[in-house]
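Examination of the molecular architecture
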Amino acid sequence: MRKIVHVDMDAFYASVEQRDDPALRGKPVVVAWRGARSVVCAASYEARQHGVRSAMPALRAERLCPDAVFVPPDFPRYRAVSRQVRAILLRHTDRVEPLSLDEAYLDVTESKLGLPSATAIAVAIRAAIREETGLTASAGVAPNKFLAKIASDWNKPNGLFVIRPREVEAFLAPLLVSRLPGVGKVMEGRLAALGVSTVGGLGQLPLADLLRHFGNHGRRLYELARGIDEHPVCPNQPTQSISTEDTFDTDLPLEALAPHIERLAEKTWTAAARERTRTARTVVLKLKTSDFRILTRSLTPARPPTSAAELARIALDLRDRVLLPASTRYRLAGVGLGRFADNEPEIPQGELFG
């Protein structure tokens, strides 16, 4: 049986800002650029009390919390702190799977430092993060990844929650099905139509019924309702996609997007160049209309793009495949590279004549 810890930094970006500027401590801090098109990157717990949340439009955050202090994001600084935290995690196990700058899974079934339990490891990690970074983290301990992630959110902020194997069934039964990964509003509604609102109720449905209603995803629901999750912690997962997107100051017609797409292609190409041993096979163009409709167009060319200019050309060709009315306006564009695969080894060409 695995021993999994999920570590989640508390209001990470906002907490870094409050740590580094004492004048911000205790105040509602919103990490976001100001502007009509800006969205919230993070909110301190003081701001969250007013309903401010990540990914919320900055203007709405300002209406909800007029006293909020807006701070522009400083991602190089956040990445530096994230590296500090990851170094702490790696003291305990090499099996660390980062999910983002502020959270990660650890498989501590075998511990480097010989601590007696996964709970003791989680306590030591949280203490080291507090001492070495001045920040707090919450942690969840459980027999698998999905339970550990739920547990880390249970006593936030600055909390620890443990789900022991013998407690899994009793813990899950009263939870709303929306707490399960992959159960969004649509799936929640479909389950409600079957009279199911809690995980315990979901666990009463036979596998055959779930397969009939939900296809292969029915098996996943059946397993989650019983606390089963066999997904391993995967350290150093290879990149699957890289993208860059931008929200415009004003909505633009399709024909005006070319310079923005070229600029985004340049940024995406620069980021992808760091993948020295892997090459992307697919080009993706993302557009969002003024009424928030999201469009994507993709192409896997016979030969992967070899320059930013070629990437931009393919993305512009994808733009020409958008057939909405000419009056449509667009608020966002993005250019991405996907389906990364390992480069094939070069085979040295032998002498033509021996």
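For the structure itself, look to the data block above.
Fair warning: this is a prediction, and the values are worked out from it, not measured in the lab.

Some points on the overall build of the chain
Each helix and strand counted, the chain has 13 helices and 12 strands in total. Along the first, second and third principal axes, the C-alpha set of the chain runs to 70 × 60 × 50 Å. Looking at the chain residue by residue over its 354 residues, the buried ones come to 42%. Of the contacts formed within the chain by residues at least 6 apart in sequence, a portion of 63% connects residues at least 24 apart. Accessible area for the chain stands at about 19,000 Å²; split by element, carbon and sulfur atoms hold 52% of it. When the 49 positive and 41 negative side-chain charges of the chain are each reduced to one mean point, those points stand 3 Å apart.

Some words on the pattern of salt bridges
Under the criterion given, the structure shown has 20 salt bridges. Two residues, Glu97 and Lys145, come together in a salt bridge whose shortest N-O distance is 2.9 Å. Here the residue Glu97 occupies a position in strand S5 (residues 96–100), and Lys145 occupies one in helix H6 (residues 145–152), the gap between them amounting to 48 residues. With relative accessibility at 10%, the residue Lys145 sits in the buried group. As a salt-bridge pair, Lys286 and Glu245 come within 3.1 Å of each other at their nearest N and O atoms. One end of the pair, Lys286, is in strand S10 (residues 278–289); the other, Glu245, is in strand S9 (residues 241–252), with 41 residues separating them in the sequence. Taken together, the salt bridges that share partners define one network made up of Glu17, Arg19, Asp20, Asp74 and Arg77.

Points about the sheet that holds strand S6 (residues 103–107)
As summarised here, the arrangement of the 5 strands in space is S5-S6-S1-S7-S8, forming an open sheet in which the pairing is mixed. Strands at the two margins of the open sheet, each flanked by one partner only, are S5 and strand S8 (160–162). Averaged over neighbouring strand pairs, the angle between their axes works out to 15 degrees when direction is ignored. Of the strand pairs in this sheet, strand S7 (residues 137–142) and S8 are connected by 3 bridges, and their pairing is parallel. Within S8, the position partnered with Gly140 by the bridge is Phe161. Running over the sheet, helix H5 (residues 118–133) touches strand S1 (4–9), S6, S7 and S8 and is turned about 170 degrees from S7. Packing of H6 onto the sheet brings it into contact with S1, S5, S6, S7 and S8, and relative to S7 it is tilted by some 145 degrees.

A word on the sheet that holds strand S2 (residues 29–31)
The strand order S3-S2-S4 describes an open sheet built from 3 strands, whose pairing is mixed. On the outer flanks of this sheet lie strand S3 (42–43) and strand S4 (69–71), each paired with one strand and no other. For S2 and S4, the ladder comprises 3 bridges, and the chain directions are parallel. Within S4, the residue paired with Val30 across the bridge is Phe70.

Brief notes about the packing of aromatic side chains
Across all of its chains, the model carries 8 aromatic pairs by this definition. Ring centres of Tyr13 and Tyr78 lie 4.4 Å apart, and the angle between their planes is 10 degrees; on these two criteria the pair is classed as stacked. Linking Tyr13 in helix H1 (residues 12–20) with Tyr78 in helix H4 (residues 75–90), this pair joins segments that are 65 residues apart in sequence. Assessed through its relative accessible area of 18%, Tyr13 is described here as buried.

What to know about unusual backbone geometry
In most cases, non-glycine residues show a negative phi, while peptide bonds are predominantly trans. Here Lys156 and Pro157 are connected by a cis peptide whose omega angle stands at -5 degrees. One can find Pro157 in the loop between H6 and S8. At Ala11, a residue that is not glycine, the phi angle is positive and equals roughly 40 degrees. Counting through the fold element by element, Ala11 comes out in the loop between S1 and H1. In this structure Ala11 comes out as buried when scored by relative accessible area, which is 5%. We note that Phe292 has phi near 70 degrees; this positive angle belongs to a residue other than glycine. If you trace the backbone, Phe292 turns up in the loop between S10 and strand S11 (294–299).

Analysis parameters
- Residues numbered from 1 in each chain as written.
- Predicted model: local features only at pLDDT ≥ 70, side-chain atom pairs only at ≥ 80, totals over all residues.
- Heavy atoms only, no water.
- Helix = DSSP H or I, 4+ residues; strand = E, 2+ residues; numbered from the N terminus.
- Buried < 20%, exposed > 50% of the residue type's maximum accessible area, 1.4 Å probe, protein only.
- Contact = heavy atoms within 4.5 Å.
- Areas by Shrake-Rupley, 256 points an atom, 1.4 Å probe, with all protein chains shown as cover.
- Lys, Arg positive; Asp, Glu negative; His and termini not counted.
- Charge placed at Lys NZ, Arg CZ, Asp CG, Glu CD.
- Salt bridge = Lys/Arg side-chain N within 4 Å of Asp/Glu carboxyl O.
- Pairing = 2+ DSSP bridges.
- Axes fitted to C-alpha atoms, helices over the stretch in contact; angles between N-to-C directions.
- Phe/Tyr/Trp six-rings, centres within 6.5 Å; stacked < 30°, edge-to-face > 60°.

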